[in-house]
Every structure is written in C-alpha cells, then in structure tokens.
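Examination of the molecular architecture
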Amino acid sequence: MAEADGSSAAVNGGSEEKDPGEEQPKGEDASGSQAGGRQPPQEAPEEAGEPPEDGLGPESDGELGTNGEEEEEDTDSMDGLFSLTEDGDRESEEGRRERQTREGGRRAARKRNRPCSGNNRSSSSDDDDDDDDDDEEDHKDEEDDEAMEAWLGAELRDLRGPIWRAIPSLRSREIGRDSHQFVRRVCGARGLVQRLELQGRLERHSGCVNTLHFNPSGTRLASGSDDLRVVIWDWAVRRAELEFDSGHKSNVFQAKFLPHSGDATLAMCARDGQIRVAELSTTQRCKNTKRVAQHKGAAHKLALEPDSPCSFLSAGEDAVVFGIDLRQDRPANKLVVVKEGDKKVGLYTIYVNPAKTNHFAVGGRDQYVRIYDQRKINENDNNGVLKKFCPSHLVSSESKTNITCLVYSHDGSELLASYNDEDIYLFDSDHSDGADYSRRYKGHRNNATVKGVNFYGPSSEFVVSGSDCGHIYLWDKHSARIVQFMKGDSGGVVNCLEPHPHLPGLATSGLDHDVKLWAPTAENPTGLKGLKEVMKKNKRERDEDSVRQVDQYDTQLLWFLMRHMRNRRPQRTRREGADADTDESWSSPDSSDEEEGGPDHVQCMSS
C-alpha cells in the first residue's frame, strides 16, 4: 500500500526521498518544492480545542462525548496544503538560500566548461565578461521561472468550503436522517480524495492495459489489453473470474458492459477497426464473440446509451460514426461522416449525453468538439453538426491539435475535453455554437498516447487524468486547483481512469501490464510532494516539443496503410473469383471490405 503512496513517491525518478526520521526543512512547502513557506499538514500545530482534521480518530470521539456538543469537523479542508492555491507563493529564507546556492553552482559549472584563455593579461577582463554573461543568464532563468509561475497560477479560483463533515454526517446516518445521501456525499468529499492511495494490483495481462469499465452495480471490472484478451475481475477479492480471447487482431482499445443486460453482453473495439460483441453466460463463460461493424481504421471508443441493453455508438479514425442496434439483422447503421468543410476528421473519442440521449459528442484530429443530434443529422446542413466548441486561442492556431478524449458530466450539463500536448478544457454543453471554455486544468502532459480523462465524484466534483510523467492528477472542478497527485505507472504513462460507480475509489491502467486500485485509506491528506517540479518539467517539455510540431498520430496512419497494402492483393484475388464467399457477418454494408477483419464469429475458450 505504501509503495505507491502518491504523497511520498519519488517524482518520475527524480530526487531521492527523505529518510522517514529526517526533519523536513522549514522552507520546504507541502509539495516538496523549496519555494513556499507552508508546513506539511501533519506538522502544522492544531488549534486548542480542535480535533484532528479527519474527525474520525478516537480522540475526536472522546472530545465530543465530553463536551456533549456536535462539532463541525471538516474533512474537506486543505489547510497547509500546496495546491497552487496562492497567487505567487511566498518564498522562505531557506528556499531563497537554496536557490542562490543552485544558481551559484550553475555559474561555476559554466565557468569550468568554458575553454581556457592563453593570454594571462586578458584573464581579468575575461572574468569580468564571464560574470556579466552569468548575470544575464541568471536573470533570464529568473524571468523564465516567474513566467512559469504566472502560467501555473493563471485562471485559478478559490477553493470552496467543505461540502461534507465527517462527524455530523455519521451521527445523522446513525439516527436515520439523510442516510440515503451519505454515500454520495462521502464519494464527493475533498478530504477523502486527498487520502487516496494504492490498495492493490490486478495482474493477468501480458500487454499494456488500454481499457477499464465497471459494470453498473460496481461488482465486476472488465479490462482489455494489447494481448488481445479481455478479463472480467471480481476486483474486491482481486480475482479474475473470466478471461477470453476478444477475437480482435490488434490492440483492444475498449471493452464495456452494456447496461441492463445482466452483465451478459460486452461491447469491444480495437485497432483493427472491428466492433465486436461478446456473449457471456451466467456460469462465467464466454459463449462467443461476433463482429457487428467494421471501420476502415482504428476504432478507439464506444459510447453507451444509458438505458439501452442493445444500442451503442462507435467512432473510428475513418471519421465514421456507427449506430449499432443488436436487435437488427444488420446492426450497424452509418449515422454520420465527420467533416470540417470537405475534409474528413478522424475520430478518437465519442460520448452520449446522459440527460439527452439523442445527443452525442465526438472529438479527433482537429481542435473542435462537435455535438450531433441523432434525430436530425443532415450532412448537407453544416455537415450535420448541431454545435461546435473550441478554446478561443486554438481556433486559429497553426499547431496540429487533437482531442484524445471527451466525456459528459453526470447530468450532461458539462463537457470535458483533453487535448494532446495542451490542457484539459471544460465546456457548458448548453451554451450556443462556438462558445468558449469555462475552466482550464493544467499541469499534466498528454503527448505520448491517446490519453483518457474523466469526472470523479457522484456529482462530477473533480476532474481526473493520467499523464506522460506517470502520475495521476485530480483537480477540483470549480477552482481548477490540484487536490491530489499520485504516482501511477512505473512504465511512465497512465491512460485509463475509471471511477467506481458507487464507492469512493477508482481503477487506473497504462503502459504497465496491471490494473491499479485506489481507495481513500491514507492516514493523512496528501502533501502533493514534488508536484510543482513535475508540473514545470511537463510544461517545459511540452513547449520544446511544440516547436518541432511532430504529429505522433501519423504512425497510426502509417500502420494502417502498410497493413492495407499487404492485404490488398489477396482481397482483390478473392473479389475476382467467380465463387467468392458471401459475407455472413453482422456488419453493415457500409463497413469496410478492404480491411481484413478476421473471423466474424469466434467461439470463446475461457481460461
């Protein structure tokens, strides 16, 4: 449990951790940086008469029993925590001394690296020139640090007061008052988010784990991987109940339980462009998997309709959105081809509005979030788009920006979009076409993979994302301030984040071959140790890469073209044959016949 505690893990293989018995310097803030003057929460003196922050210890109970009155104890407070809550953090004397020492060391290193002059008479003047150059470089470094601080602190708001107080809430539940709201309030409490820590790992896959999905009741967890297999977990006891071959020919990107299906139907998509459905039995077996649609490129995401056990949507890099109804003989129906002008826009993500189930949003290889209404898609009228959103500074940007993931909030009123090598933006889904974002979440890095993003909490109180630096970030949605920062995958990239539907916890995965489970069991709230340095490092790397303008997604197009060319001749030969086999799959006539999709029906052998 302690091995992956986000509040004490070394940052991305950076500086060594302090010895547990070593006294923390006064100038070090709770994030591990030397810039702030705040103390970690565990060292902050408690005010007289106040119980501990979590309000759950024995001392707190005894105190309440003695005084005979109910104290408003706050588990949501962030007193003493560094979360970019101050506009321009105050720097302690020791912090300034350390920074001066580092600058002096850099200056000495620059002098050692300079070539020696052969003219002794000019050495004095050379030293003076060197000192001037050093002063200029130091001044430039200070300006860069100040600009970085200003960027990190921009567009932040004040944290709201606590929405859940532990002891009053527990007492209310004991007497049956508001007991039905207890779990919801606990799951949305900031104090518990700050206590998230690693509980365990689920190990079965032999490749990167690309997808996680809880069933509606939260008792089972489905995972899919590059190893082409899907595993159904009883996550509470950390046991694999079912493992089967997905039937896909390349990386499984998503596997989801269809709602109200009794956990008997699982929809899947993959890099091979296939959309497949697995039929599961009550005896923990996979009966078979069937191909129901075929994209002409990778299919990254599926979108479930909240109340339908037989209907869902798929989106692919071929810019096509399929509506799939398992009750039909030909389940796949092409809803729309997403375009900007006359140019197709490959898709990476799709999501159905949970409050207006006819509306769905897509994102992909440009900067626009597009919303469609299934009832009135007319591609001759604005390419069928109901409305589009985009951050104003990205509308005319020359950088090649993509949307890697988007999700609706619990009530469909807000839409969250994660941009590659940019930030995460929150939009009001009820705003008119072309509206700008309402919140911006900074600090992570989204470059190496198609990164996911999600809301956390029963009322979407938080925003959670992985990062290329291997950390998991949780922002308070309203203030856009980071309230939790945890070390995730040792492989360096966290891609998937799946909150539990009813409990305060989540599952994550990435380049590591396991699934990690997190729960709020830490004794003390996070100190956000090392956060500031990691955020600055992510920003610098992002700025450096933006100069190169390298589009990593071109590799996926290259993969598809090479595969297409390899399979083109055998496919042509089959089409020229007089007695060619007919397609017995469930695929739509719009599906690709040029892409080898593998067998349409696969008999599963569970392990």
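The structure under discussion appears in the preceding block.
We now turn to the structure provided with this report. This one's a predicted model, so the numbers in the text were calculated from it and none came from an experiment.

Moving on, we get to the overall build of the chain. A tally of helices and strands in the chain yields nine helices and 31 strands. Expressed as a percentage of its 607 residues, the buried residues of the chain come to 54%. Of the contacts formed within the chain by residues at least 6 apart in sequence, a portion of 59% connects residues at least 24 apart. Total accessible area on the chain is roughly 28200 Å²; 45% of this is exposed by carbon and sulfur atoms.

Another aspect to go through is the environment of Leu196. Its location among the elements puts Leu196 in strand 1 (residues 196–203). The exposure class of Leu196 is buried, given its relative accessible area of 3%. Taking the C-alpha atoms as reference points, Leu196 and Glu523, 327 residues apart in sequence, are found 9.7 Å from one another. Non-local contacts of Leu196, meaning those with residues more than four positions away in its chain, are made with Tyr456, Leu474, Gln484, Met486, Pro504, Gly505, Leu506, Trp518, Ala519 and Pro520.

This part takes up the sheet that holds strand 19 (residues 387–389). Spatially, four strands are ordered 16-17-18-19 in an open sheet, and the strand pairing comes out antiparallel. Only two strands of the sheet have a single partner each, and these edge strands are strand 16 (347–352) and strand 19. Within the sheet, the average angular offset between the axes of one strand and its neighbour, ignoring direction, is 25 degrees. Where strand 17 (residues 359–364) and strand 18 (residues 369–373) come together, four bridges link them in antiparallel fashion.

Its identity is not glycine, yet Asp421 carries a phi of approximately 50 degrees, on the positive side. With respect to the element layout, Asp421 can be found in the loop between strand 21 (414–419) and strand 22 (424–428). For Asp421, a relative accessible area of 16% puts it in the buried group. Positive phi outside glycine occurs at Leu528, with the angle close to 50 degrees. On the accessibility criterion, Leu528 (0% relative accessible area) is buried.

Next up on the list: the packing of aromatic side chains. Working definition: an aromatic ring pair is given by the centre-to-centre distance plus the angle between the planes. Under the definition given, this model contains 11 aromatic pairs. With 5.7 Å between their ring centres and 15 degrees between their planes, Tyr473 and Trp475 make a pair best called stacked. Each member of the pair, Tyr473 as well as Trp475, carries the same accessibility label: buried. Arg173 extends its terminal NZ or CZ atom over the ring of Phe182, reaching a point 4.2 Å from the ring centre. A cation over a ring is seen here: Lys442 above Trp151, with NZ or CZ 4.7 Å from the ring centre.

The rules we used
- As a convention, each chain's residues are numbered from 1 in the sequence order in which they are written.
- For this predicted model, a pLDDT threshold of at least 70 governs which residues receive local features, and a threshold of 80 or more governs which side-chain atom pairs are given and counted, while totals over whole chains, interfaces and linings are taken from all residues.
- Excluding hydrogens and water, the side-chain figures rest on all heavy atoms present in the structure.
- Helix and strand definitions follow DSSP, with helices as H or I runs of at least four residues and strands as E runs of at least two, each counted in order from the N terminus.
- Each residue gets one of three labels from its accessible area relative to the maximum for its type: buried under 20%, exposed over 50%, partly exposed in between, using a 1.4 Å probe on protein chains only.
- Only heavy atoms enter the contact rule, under which two residues are in contact if any of them lie within 4.5 Å.
- Each accessible area is a Shrake-Rupley result for a 1.4 Å probe, and residues are judged covered by the shown protein chains and nothing else.
- Pairs of strands are assigned from DSSP output, requiring at least two bridges between the strands.
- With axes taken as lines fitted to C-alpha atoms, and helix axes fitted only over the stretch in contact, angles between N-to-C directions fall between 0 and 180 degrees.
- Only rings of Phe, Tyr and Trp enter the pairing, Trp through its six-membered ring, and a pair is recorded when the two centres are within 6.5 Å. The plane angle decides the type: under 30 degrees is stacked, over 60 is edge-to-face, the rest tilted.
- Our definition puts a charge over a ring when NZ of Lys or CZ of Arg is within 6 Å of the ring centre and also within 35 degrees of the ring normal.

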